[in-house]
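Take a look at the letters that make up each chain.
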Amino acid sequence: MDSCIFCKIVNGEIPSKKIYENDYVYSLLDISPQSKGHVLVIPKKHSRDIYEIDDDILCEVMKAVKKLSVNIKEKLNPEGLNIVQNSGEIAGQSVFHFHIHIIPRYKREQEYDIDEVAEELRIKEL
Ligand code: 5GP
Ligand code: ZN
């Protein structure tokens, strides 16, 4: 979709701190992170929300969410994490291209460098 910011990120028209990519899914650091390692997981194919996304694509997104959650646990060692999906403006959705937030939670929040976090979390295989 031409006007969609996440479609532009997937297509490389807008820069992002990419963590992981496969045929179906793109994952990047959130630009306004709620914690160290706050990651977004988005399908490459545009759909607006939970109602619109194809089941097969949703399964691919969730497989990537699991892979990235394990990766975050191994590398950043949070005490827990939240997996959040907002559908609809009233539910807090601000970008209308389906995405899932992975938000690591720490007993003690730490100072961090965003580029170092991106480098640490990056999964290089395709
Ligand atoms: P929502 O509120 O729709 O669930 O989440 C949208 C998320 O996308 C927000 O956490 C926001 O910080 C993030 N976001 C918005 N624009 C950009 C962008 O251009 N790049 C990145 N990396 N994240 C973005
Ligand atoms: Zn889009």
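Residues numbered from 1 in each chain as written. Chains lettered and ligands numbered in written order. Predicted model: local features only at pLDDT ≥ 70, side-chain atom pairs only at ≥ 80, totals over all residues. Heavy atoms only, no water.

In the annotation of an unreviewed UniProt entry, the protein is listed under the name HIT family protein and assigned to Candidatus Dojkabacteria bacterium.

**Q** How would you summarise the coordination of the zinc ion (ligand 2) if you had to cite specific residues and measurements?
**A** Distances from the zinc ion (ligand 2) to its protein donors, namely Cys-4 (SG), Cys-7 (SG), His-46 (ND1) and His-97 (ND1), fall within the range 2.0 to 2.3 Å. Coordination geometry of the zinc ion (ligand 2): the 4 donor atoms subtend angles of 103 to 117 degrees at the metal centre, consistent with an arrangement described as tetrahedral. All donors of the zinc ion (ligand 2) come from a single chain, and their spacing in sequence reads C-x2-C-x38-H-x50-H. One end of the pair, Cys-7, is in helix α1 (residues 5–10); the other, His-97, is in the loop between β4 (80–84) and β5 (100–105), with 90 residues separating them in the sequence. Pair check on accessibility: Cys-7 and His-97 agree, each one buried. (Donors = N, O, S within 2.8 Å, 3.2 Å for Na, K, Ca; no water. Tetrahedral: all angles 85-135°; square planar, octahedral: opposite > 155°, others 65-115°. Helix = DSSP H or I, 4+ residues; strand = E, 2+ residues; numbered from the N terminus. Buried < 20%, exposed > 50% of the residue type's maximum accessible area, 1.4 Å probe, protein only.)

**Q** I'd like to hear about unusual backbone geometry, residue by residue, with values.
**A** Of note in the backbone geometry, Asn-77 takes a positive phi value of approximately 55 degrees without being a glycine. When you line up the elements, Asn-77 lands in the loop between α2 (55–76) and β4.

**Q** Please give an account of the site of ligand 1 that cites residues and values.
**A** What surrounds ligand 1 is a group of 16 residues, the closest being Asp-30, Asn-86, Gly-92, Ser-94 and His-101. Within the side chain of Asn-86, a nitrogen or oxygen atom sits 2.9 Å from an oxygen atom of ligand 1. With the chains in place, 84% of the 520 Å² that ligand 1 exposes on its own is no longer accessible. For the shell around ligand 1, the secondary structure elements donating two or more residues are α1 and β2 (25–29). Per-element tally for the shell around ligand 1: the top contributor is α1, with 3 residues. Residues belonging to the shell around ligand 1 are distributed by class as follows: 8 nonpolar, 7 polar and 1 charged. (Near = heavy atom within 4 Å. Polar contact = N/O pair within 3.5 Å; in protein donor to acceptor, adjacent residues only side chain to side chain. Areas by Shrake-Rupley, 256 points an atom, 1.4 Å probe, with all protein chains shown as cover. Nonpolar A, V, L, I, M, F, W, Y, C, P; charged D, E, K, R; others polar.)

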